[in-house]
Amino acid sequence: MSHHYLNELNPVQREAAMFTEGPVMIIAGAGSGKTRVLTYRIAHLMEKGVDPFNILALTFTNKAAREMKARIGKLVGETSAKALWMGTFHSIFAKILRFEADKLGYPKNFTIYDTDDSKGAIKEILKGFNLDDKVYKPSLVLNRISSAKNNLISPRQYLNNPVALEEDRSSQKPMMGQIFEAYNKRLFKAGAMDFDDLLFNTNVLLRDYPDVLLKYQDKFRYIVVDEYQDTNFSQYVIVKQLAARFLNLCVVGDDAQSIYAFRGASIQNILNFEKDYPDYKEFKLEQNYRSTQTIVNLANKVISHNKDQFKKNVWTQNDEGDRVKVLRAATDNEEGMKVAASIFETKMNRQAFNKAFAILYRTNAQSRSMEEALRKHNIPYRIYGGLSFYQRKEIKDVLAYFRLSTNNHDDESLKRIVNYPARGLGQTTIDKVIVAAADNDVSLWTVLDNLKDFNLGLNAGTVAKIGEFVTMIKSFSHMLPYKDAFETGNHIAITSGILKDLYSDKTPEGVSRYENIQELLSGIKDFVESTRTPIEQELKEDINDSITIDPEDLFATEPENSLRTLDEFMQDVSLLTDVDKQDDEERDADKVSLMTIHAAKGLEFPYVYVVGLEENLFPSQMSLNSRADLEEERRLFYVALTRAEKIVTLTYASTRYRFGNLIYCEPSRFINELDKTYVDFPEELSGTSFGDDVFDKFHDEFSSPAKKINFGSGSGTGFKKTASNPASNSNIASSLKKNLTPVKKQVTPSAPVDTEMVKNLKEGDIVEHEKFGKGKVIFIEGSFPNLKATVHFGSTGEKQLLLKYARLKMVS
DNA sequence: AGCCCCGGTGAAGTC
DNA sequence: CACCGGGGCT
């Protein structure tokens with residue numbers, strides 16, 4: 001076969017694709033044709049005669065893997081492309097763990113816990129330890145556990161780690177280590193792994209079983225890792241181990257696009273590469289094929305504000321293109337209207353499709369005003385992310401049945417559905433079971449299935465109901481290997497009573513829930529009709545071999561290997577990324593895309609709107625504590641800009657509803673940082689009163705940690721006060737505000753505030769607050785209507801109150 | 001056991 | 001504002 005496809009690459013790209021032996025690092029700027037290089041590199045390997053079974057490619061989403069496989073299939077043939085080991089870290093190593101689960105003491109059909117499951121387990125542990133879940137917030141605890149695992153710290157190591165213990169002590173959570181330990185034990189007992197366990201346990205496997213390590217080293221002779229800048233330590237070690245034998249490791253990344261440090265990703269991995277493989281070969285893809293010169297140059301300028309970065313020179317031969325526009329709006333709703341109007345106009349002027357447009361925002365909550373405006377303009381749109389299909393309650397209920405049938409010891413699923421639909425097994429009963437299970441160190445299922453051994457003091461009726469439940473689940477489990485996923489799934493949906501329960505609910509929500517279940521089932525039907533990849537086939541046979549047939553069971557037959565069963569389906573579902581969950585039909589539809597910037601990673605659109613460019617929103621308020629966090633926000637902004645091919649429009653609003661309050665917003669520092677050579681600002685902003693000096697002062701104010709606005713109460717409520725307090729930014733804010741349209745729509749508290757009283761309030765007055773009771777006014781600052789008072793309440797201490805919200809009553 | 005109402009609280013990003 | 005959990009009532 002000819003090498004014609006390699007001619008579609010520029011010289012650096014081609015070199016990077018053809019340099020197949022030894023360690024390689026490809027630094028790939030945004031839009032530099034990275035995917036193309038990876039595709040051709042893998043195709044090239046296969047054409048050289050490398051068996052696809054010996055190639056491992058780790059991607060960021062399963063969708064990316066699927067698309068790359070399809071492209072490789074076109075180059076070298078579909079059958080061999082299907083044999084490639086390609087997917088996310090989590091899905092690839094989940095598969096390997098299923099092969100090797102018994103070595104670690106897990107069942108092959110182990111369950112994968114999602115975040116909710118994990119939180120559920122943590123809540124129960126807190127109860128057992130008699131700890132307050134307001135102090136030990138499950139999400140915080142889980143974060144802590146997660147970051148420990150991602151740094152390969154086991155509970156035992158954690159409990160011996162003076163630094164960790166000290167941190168926990170000083171944050172008033174001394175039991176964190178014990179919780180971690182109990183949590184791991186609990187998941188193990190339930191035959192479950194959380195997402196981090198998939199990587200952690202892979203590391204354990206490779207560390208403790210040299211023969212297994214050797215097997216996979218030998219198997220994966222060529223390894224490619226995409227988005228290397230977003231890998232964490234645990235992933236780094238896995239890759240390092242696997243590649244140690246043949247050293248044919250190719251990592252691809254862009255430090256400027258590293259946006260997942262918050263969940264443990266480390267640019268350090270890129271830096272380590274040099275240390276680990278001193279003989280590595282580096283390629284830099286610097287030519288951008290995606291965007292106009294204006295966009296490329298502007299984005300370069302933006303990222304140059306970061307200290308931590310590699311030298312890189314991204315350039316393009318594309319046209320100069322349109323200047324970047326900045327739009328200002330008075331409110332978030334107006335921001336939406338301006339964006340929608342601009343999309344409408346561009347569509348007309350350029351004859352563009354809806355799907356050529358994307359609206360990118362920092363947080364999902366911002367989608368609302370955009371949606372509203374798009375609806376008013378009759379512009380079809382679709383939202384990515386947010387509550388996904390699989391997170392809906394009714395879907396989770398059905399999946400819990402599926403999971404429990406696959407793995408009876410899955411405690412979280414059992415808790416979820418043991419009394420749904422209602423079957424008379426209430427909290428009291430369940431609590432008894434939970435206690436018995438904890439006391440005896442077994443799963444909930446073990447207790448239910450062996451009730452008489454545990455002496456729970458249940459009445460005969462309850463015992464009978466539990467018996468029925470156990471029998472039902474067992475019948476589902478029994479069915480699993482012999483029927484296809486659709487048959488089993490459908491049977492469970494009906495027999496469990498869920499369908500009936502939802503069918504009887506004729507409210508619109510009930511109807512929609514019912515339809516969602518049907519949609520899930522039809523998805524399963526599609527799955528049943530799909531074919532396995534060779535790897536899945538191998539795994540299936542392996543698992544079926546491990547099923548023992550009960551000799552007493554006259555009707556039992558060998559499980560069919562050709563059958564696509566429900567447990568197989570479930571293996572896929574828990575590993576889907578949000579992007580993966582979009583269904584294809586919808587994806588191709590001619591609609592404007594709305595998504596967070598994180599979700600937009602790797603995508604491109606002709607016309608991109610980045611909205612909500614305001615301090616405390618983008619950059620996020622949570623990033624203002626450290627330079628590193630702020631730089632990550634800036635990289636995020638860089639990612640947003642570089643999604644665009646033709647036109648970038650940036651918007652911000654002067655006021656916005658947040659937490660139900662109207663708050664004033666200052667333009668983001670990122671707006672200030674824009675190089676004016678490439679940008680058209682709104683007229684009001686180009687005047688002298690909004691010159692650089694004001695911006696610089698503004699910038700200094702925010703970037704100085706010492707001045708980080710802190711109202712003293714310090715109990716985590718700082719955000720609300722800061723954000724909703726227009727007076728907090730002193731003279732700078734007021735000089736900015738001169739240029740903002742006055743906001744007519746003032747806050748409308750549920751009960752009107754006594755304006756006269758607010759105006760006349762003075763220091764020394766005694767006032768009464770609904771919640772805090774009586775207090776004395778110590779200090780008043782700001783000007784009407786944004787007066788802020790410091791009030792000393794006897795029991796609560798000092799509080800800073802915004803008088804237009806606080807509804808104080810005058811006492812003296 | 002289940003429903004409803006209240007109040008408290010919280011919204012970054014993800015496999 | 002929206003969601004959740006707790007408490008109280010039926």
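In this text the structure is predicted, and so the values were computed from the model without any measurement.

What counts, and where the lines are drawn
Residues numbered from 1 in each chain as written. Chains lettered and ligands numbered in written order. Predicted model: local features only at pLDDT ≥ 70, side-chain atom pairs only at ≥ 80, totals over all residues. Heavy atoms only, no water. Axes fitted to C-alpha atoms, helices over the stretch in contact; angles between N-to-C directions. Helix = DSSP H or I, 4+ residues; strand = E, 2+ residues; numbered from the N terminus. Parallel < 35°, antiparallel > 145°, perpendicular 65-115°, else oblique. Contact = heavy atoms within 4.5 Å. Nonpolar A, V, L, I, M, F, W, Y, C, P; charged D, E, K, R; others polar. Near = heavy atom within 4 Å. Polar contact = N/O pair within 3.5 Å; in protein donor to acceptor, adjacent residues only side chain to side chain. Phe/Tyr/Trp six-rings, centres within 6.5 Å; stacked < 30°, edge-to-face > 60°. Buried < 20%, exposed > 50% of the residue type's maximum accessible area, 1.4 Å probe, protein only. Lys NZ or Arg CZ within 6 Å of the ring centre and 35° of its normal. pLDDT = per-residue confidence, 0-100.

What follows deals with the packing of helix α18 (residues 393–406) against helix α22 (residues 460–479). At their nearest, the axes of α18 and α22 sit 8 Å apart, and the two run at 80° to each other. Comparing the axis directions of α18 and α22 gives the class roughly perpendicular. From α18, Y401, L404 and S405 reach across to α22, where they touch F469, M472, I473, F476 and S477. Across the contact of α18 with α22, the residue classes break down as 6 nonpolar, 2 polar and no charged.

This paragraph deals with the protein's contact with DNA strand B. Around DNA strand B, 26 residues are found, and the nearest of them are F262, R362, N364, G426 and F659. Expressed as a percentage, the sugar and phosphate content of the atoms of DNA strand B within 4 Å of the protein is 50%. One of the side-chain nitrogen or oxygen atoms of K137 is found 2.9 Å away from a phosphate oxygen of DNA strand B. Between DNA strand B and E632 there is a distance of 3.4 Å, counted from a base nitrogen to a side-chain nitrogen or oxygen.

Here we take up the packing of aromatic side chains. On inspection of all chains with the given rule, the structure shows 21 aromatic pairs. For the ring pair F89 and F93, a centre distance of 6.0 Å and an interplane angle of 35° mean the geometry is tilted. One end of the pair, F89, and the other, F93, are both in helix α5 (residues 89–100), 4 residues apart, so they sit about a helical turn from each other. Each member of the pair F89 and F93 is classed as buried. A ring pair is formed by Y158 and F180, whose centres lie 5.7 Å apart and whose planes are at 85°; its orientation type is edge-to-face. Within this pair, whereas Y158 is found in helix α8 (residues 155–159), its partner F180 is found in helix α10 (residues 176–189), the two being separated by 22 residues in sequence. On the basis of relative accessibility, which here comes to 4%, the residue Y158 falls in the buried class. For F180, a relative accessible area of 1% puts it in the buried group. One aromatic cluster in this structure is built from Y228, F273, Y277 and Y280. Geometry around F527 places R564 over its ring, the cationic atom sitting 4.3 Å from the centre.

What follows is about the confidence of the model for chain A. In this model, chain A carries a mean pLDDT of 83, and residues with pLDDT of at least 70 account for 84%. Counting interchain partners and residues more than four positions distant, the pLDDT-below-50 stretch residues 685–752 has 95 contacts.

Next up on the list: the side chain of S668. Its place among the elements puts S668 in the loop between β18 (661–664) and α32 (669–673). Given a relative accessible area of 0%, S668 falls into the buried group. Those residues in contact with S668, other than ones at most four positions away along the chain, are L613, E614, E615, F618 and P619.

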